[in-house]
Amino acid sequence: MRAPIQRYRNILDFALSSLLRRKGRNLALICVYTLVIFVIASLIFFVQALKREARELLIQAPDMVVQRMVAGRHDPIPTIQAEAIRAIRGVEAVQPRLWGYYYDPVFGGNLTVMAASDQELAVDSVWVGRGVARSMRVNEGDLISLRGYGGQPILFAVQKILPEASELVSSDLVLMSEKDVRALFNFPEGLATDLAVTAGNPRELATIAAKIVELFPDTRPIMKTEILRTYEAIFDWRGGLMVVVLGSAILAFIIFAWDKATGLSAEERKEIGILKSIGWESSDVLLLKFWEGAVVSLTAFLSGVLLAYVHVFFFSASLFEHALKGWSVLFPRYRLVPALDAYQLTVLFFLTVLPYTAATLVPIWRAATVDPDAAMRS
Amino acid sequence: MIELVHVEKTYQADLATPFTAVDDVSLSIAAGKLTVLKGPSGSGKTTLLTLIGCMARPTSGRIHLHGLPEDTLPELKEGDALEITSLPERFLTAIRRRTFGFIFQQFNLIRGISVLENVMLPTYPTGEDHQRVEASAIQRLEALGLARHLRAPVDRLSGGEAQRVAIARALINDPLVIIADEPTAHLDSKLSEDFMELMGQFKSSGKTLLITSHDPIVYGSPLADRVVEMRDGRIVKGS
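Residues numbered from 1 in each chain as written. Chains lettered and ligands numbered in written order. Predicted model: local features only at pLDDT ≥ 70, side-chain atom pairs only at ≥ 80, totals over all residues. Heavy atoms only, no water.

Brief notes about the overall build of chain A
Here is step 1 of the chain: Scanning chain A from N- to C-terminus turns up 13 helices and 13 strands.
Here is step 2 of the chain: Counting all 378 residues of chain A, 46% fall into the buried class.
Here is step 3 of the chain: A sequence separation of at least 24 residues applies to 80% of the contacts in chain A between residues at least 6 apart.
Here is step 4 of the chain: For chain A, the exposed surface amounts to about 19100 Å²; the carbon and sulfur share of it is 62%. (Helix = DSSP H or I, 4+ residues; strand = E, 2+ residues; numbered from the N terminus. Buried < 20%, exposed > 50% of the residue type's maximum accessible area, 1.4 Å probe, protein only. Contact = heavy atoms within 4.5 Å. Areas by Shrake-Rupley, 256 points an atom, 1.4 Å probe, with all protein chains shown as cover.)

Thoughts on the nonpolar core
Here is step 1 of the chain: Among the nonpolar cores identified, the biggest contains 57 residues, and Phe14 and Trp280 of chain A together with Ile103, Leu121 and Phe195 of chain B are the most heavily contacted of them.
Here is step 2 of the chain: If you tally residues by element for this core, the top one is helix H5 (residues 159–171) of chain B, at seven residues.
Here is step 3 of the chain: When sequence neighbours within four positions are dropped, the list of residues in contact with tryptophan 280 of chain A reads Ile11, Phe14, Leu275, Val285 and Leu288 of chain A together with Thr93, Arg96, Arg97, Leu121, Pro122, Tyr124 and Pro125 of chain B.
Here is step 4 of the chain: If you look at the next biggest cluster of nonpolar residues, it comprises 33 residues, including Leu4, Ile63, Leu65 and Leu73 of chain B. (Core = buried A, V, L, I, M, F, W, Y, C linked by side-chain atoms within 4.5 Å.)

Quick word on the sheet that holds strand S7 (residues 177–181) of chain B
Residues and elements named next belong to chain B.
Here is step 1 of the chain: Spatial strand order, S6-S7-S8-S3-S9-S10: six strands in an open sheet with mixed pairing. The open sheet is flanked by strand S6 (100–103) and strand S10 (234–237), the only strands paired with a single partner. Strand-to-strand, the axes of this sheet are offset by a mean angle of 25°, without reference to chain direction.
Here is step 2 of the chain: Pairing of strand S9 (residues 226–231) with S10, which is carried by three bridges, proceeds in the antiparallel orientation. The residue of S10 that forms the bridge with methionine 230 is isoleucine 235.
Here is step 3 of the chain: H5 contacts S6 and S7 of the sheet and is inclined by roughly 170° relative to S6. (Pairing = 2+ DSSP bridges. Axes fitted to C-alpha atoms, helices over the stretch in contact; angles between N-to-C directions.)

Here it is in structure tokens:
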């Protein structure tokens, strides 16, 4: 029992010393390999963390949002319809919501302006997201000026800056009283942007939605699950886009790895011949080269994943946040909560480590199965 | 004893330009003796050594090994003759490991690793106790005057020192037969004579020695029990 273990140890020792003998070649390979793993793993970590963040934030979202449609476009909905919807069996609460977008030409970004019913929010005051505060360089107590619907400037006092924990969604958010929103956008009384519906039993949402459409054929109920799906699709789309871009990088890596792994040098070939001539079997040579490939692969994989973890969760994916976070110029600045997906990491492992190891073993197998004298002569 | 019967080795046999390196060689090599294969370059000496040493298979003919220890292969009995040309690779490797120690013309040491590691390399796949093997390797290297080079990379050694490392490596598995291919080709006369003196010691200890050479210091040595002359793949004298 001891001899087979000692055999593995001896061959592993020799594999490590062989890797050290070809330091330059192997270091270059590990660096490129690590870089590719780092980029892909960063992407996986980042997208997973965003999805999780979005999911957690949506837990607080209403079960259903009812919009009014005119010619296929979203139009303000009469708040009177809220009463009729509230009367549907199973509906617990209906809340008209008032919100819109405000383009700020000075900062070149869109702000989401929303009416809040919080008692603490005074008239002529706003609560702003951290992105807004950062872009406008304002602190609590400062004044900001927004252009009203007629072009006239309207001053608001910054009463509060929204907490960092919700920055993913609230970065570009400006909360103000209902009266101020109506004044800013000239939004008519009796109309709301949409209606937030809460059901007593979420399983009844589909039935409630059907009844709403029956009652008001010009409305479109959107359920929370649909919003969640849209968010996931958006993040997947962004992730997918990056994966397509990364495709070329991965292809370059495959060519590089293939070249490095399959290009058995004359010296390596001769070494295989020497090892065979002094009593090594083909399987011993294959085990040696397997260890070499495994050490390179695992070192690169672990380094790449570790660097990606630090990059995403400690430095907020600073290398590609601009490509991935939001459309606005008001980029959220926050620390993501670590979210690891074992399945995706396993897929990454099998898509990188296994092909490299296989690419290494094929030419070695060819060289190792010839007679030792032929390996030495070639 | 090693017995060759009508052995032939043809390279590129399936191509338009086949080359026969060993042509119908029949030969018996006595155990415990020093046999020299003499002949010019291209006469087939080295190819014959690789066939005897289980490093390549002949195109035709048979090679029999006599007097192998029982534990060389499963089901081998003391005194049995073993026909090696039809054995699978792992058996050939087992025979090569236990029976033959090779000293190559170019020494064939692995560059970049230490003298000691080079000597221990043949034992790695056998899974023998590392410390015991290391002690044995150090003992052999010390006996060959290489004690101060144990940890040095082989690249830094002189030709004579590198050859002594190759000799220590050939001896590490305590083989029955030592095969040396043009061992004095890169040595001056003094080192060549030292080499033959070492071979004399191995012969005294009961090893079978098979050396190819066209160096008069080797084939003219009083230690040589038999000189077999080869030309164009055939034995022309001493069969």
